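What follows is the residue order along each chain.
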Amino acid sequence: MRTDQILPRLERVFARLDREPERPAHLQTPQMSRHRVVLLGATLAFYLAIVVAVLTTSWLVRLDWQVMFFRPYEQWPQLHAFLDYLVVLGQRGPTAVMVAAWLGWRSWRQHTLRPLITLGVALLLLNITVGAVKLGLGRLGPHYATQIGSAELFAGGDIFPSGHTANAVVTWGILAYLASTVVTRRVLSVVSAVVSLSVGATTVYLGTHWVSDVLLGWSAGLLVLLALPWFEPLIAHAEAYVFAVRARLRSLVEAGRVPEPLTGVLVPLLSAGGKWQLQRPARPSVAVPSEPAAPPAAVPVAALAATALPATAGHYPAARPAGHLAARPHLVRSERPPAIPVGSRRPAHADRTPARGTVTRPAAGG
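So, here's what we can say about the structure. (Residues numbered from 1 in each chain as written. Predicted model: local features only at pLDDT ≥ 70, side-chain atom pairs only at ≥ 80, totals over all residues. Heavy atoms only, no water.)

Quick look at the overall build of the protein chain
Which entries qualify depends on this criterion: Secondary structure elements are taken from DSSP: a helix is a run of H or I of four residues or more, a strand is a run of E of two residues or more, and numbering for both begins at the N terminus. Exposure classes here rest on a 1.4 Å probe applied to the protein chains alone. A residue is buried below 20% of its type maximum, exposed above 50%, and partly exposed in between. Each accessible area is a Shrake-Rupley estimate made with a 1.4 Å probe; only the visible protein chains count as cover when residues are assessed.
A tally of helices and strands in the protein chain yields 13 helices and 0 strands. Overall, the protein chain shows an N-to-C arrangement of helices and strands of α-α-α-α-α-α-α-α-α-α-α-α-α. Residues classed as buried in the protein chain amount to 34% of the 366 residues present. Carbon and sulfur atoms make up 65% of the accessible area of the protein chain, which totals about 24,100 Å².

Shown next as structure tokens:
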């Protein structure tokens, strides 16, 4: 896509963002209520219980091995093709693109950057918390297990907790978190729960995760969603910072402190919506003649000779002719050009060359 096609679209986006945020009166920013705190505490306790059960190689690890030996993908092979596509709903790349596109449209409609910033904060929290536990425990998956009955911890793996499951909980749950009505929030909560449960069960069916991986993934994603209200002040600050940076760019463009190629790109974006126009102090104008001055007319040599005055006793005339263009400075001997010899430097003519054998006499007085 060319630049001349991108800029008009970005202008329309920023024109919408220039308006005041339009949020329904019944839609309130989620707060950390007592009910949410209780759910967060219960989920955290469940999370720690699963980690302890795996570390101590308890009955949960034995359940993992039993399901692995059961091999669900061999028991119901007819579901394999469908579940291969269903598990994509838990992959971070495709789901993040789909949800970001929807939240970007929401941001444009509501004239606020909060939906996109909230998604970014949730994914950042997910990557930090889940990634740290994955790398810290280093558990191997069922396909790479080496010792029957072992928890396969600290072996260089990265599957505990399940990233597919946690990502499905956060990515689809953020839609319910940002819902515009109470009814929509409840419906999307049910849909996101069904999707995340299906993705987790699919990873167990395919044999890529243990059962305990999926349980920890569900709780890890739910912890991120429940903790998001604590980050609402950060989200509001980030949104204000984005618009402050935009105002700063406007001032730099107006002051002429931005290179010209970059100014041509920034001005259409910063002036979107017609609320800002580039204003710079006028530079002092320089008078330019409407028509170029005609060059001085050439003076004929005959006219110069006719107006020349008689020479005086010196080497130069007493007065210079009126047609002389400019006087030349008098040069001292060291600054004068070398003397030019008198006479022609051309070689002698062939017909004037004396014949071979003849003697030429020197001229008299030579």
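Focus on the layout of surface pockets
Which parts of space are left empty comes out when a probe the size of a water molecule is rolled across the atoms. Put simply, the rule reads: Buriedness of a pocket was judged along seven lines, with at least five required to meet protein on both sides within 12 Å; pockets are open sets of points on a 1 Å grid over the protein atoms alone, cavities are sets where a 1.4 Å probe fits but cannot get out, and lining residues have an atom within 4 Å of a point. Grid points are joined across faces, edges and corners, and a volume is the space filled by probe spheres set on the points. In this classification, the charged set is Asp, Glu, Lys and Arg, the nonpolar set is Ala, Val, Leu, Ile, Met, Phe, Trp, Tyr, Cys and Pro, and all remaining amino acids, among them Gly, are polar.
Reported here for the largest pocket is a volume of approximately 630 Å³. Lining the largest pocket are 24 residues; nearest its centre among them are R36, S189, L222, L225 and L226. When contributions to the lining of the largest pocket are tallied by element, the ones reaching two or more residues are α2 (34-55), α8 (163-177), α9 (182-206) and α10 (211-227). When grouped by side-chain class, the residues that make up the lining of the largest pocket number 13 nonpolar, 9 polar and 2 charged.

Notes on the environment of H80
We apply this condition: We call two residues contacting when some pair of their heavy atoms lies within 4.5 Å.
By secondary structure assignment, the location of H80 is in helix α5 (residues 80-86). With residues up to four places along the chain from it excluded, the contact list for H80 reads Y73, Y205 and L206.

Concerning the pattern of salt bridges
Here the idea is simple: oppositely charged side chains can pair when their charged atoms come close. Definition in use: What counts as a salt bridge is simple: a side-chain nitrogen of Lys or Arg found within 4 Å of a carboxyl oxygen of Asp or Glu.
Per the counting criterion, the structure on display carries 3 salt bridges. Across the pair E232 and R114 runs a salt bridge whose closest N-O atoms are separated by 3.1 Å. Here the residue E232 occupies a position in helix α11 (residues 232-254), and R114 occupies one in helix α7 (residues 114-137), the gap between them amounting to 118 residues. Residue R114 is classed as buried on the basis of its relative accessible area of 12%. Where R139 meets D213, a salt bridge forms, and the shortest distance between an N and an O atom there is 3.1 Å.

Topic: the environment of L124
Here L124 is to be found in helix α7. According to the relative accessible area criterion, L124 is exposed, its value standing at 52%. In the structure, L124 is positioned 100 residues away from V224 in sequence and 9.8 Å away in space, judged by C-alpha atoms.

Some thoughts on the nonpolar core
Quick note on the threshold: The set of buried Ala, Val, Leu, Ile, Met, Phe, Trp, Tyr and Cys residues whose side-chain atoms join them within 4.5 Å is what this entry labels a nonpolar core.
Core analysis: the biggest nonpolar cluster contains 48 residues, and Y47, V99, L103, I174 and L228 have the highest contact counts within it. Among the secondary structure elements, those contributing two or more residues to this core are α2, α3 (59-70), α6 (92-110), α7, α8, α9 and α10. Of all the elements, α7 adds the most residues to this core, at 10 residues. Beyond its immediate chain neighbours, meaning those up to four positions away, I174 contacts V99, L103, T118, L119, A122, L225 and L228.

These results come straight from atomic positions and should not be treated as a statement about function.
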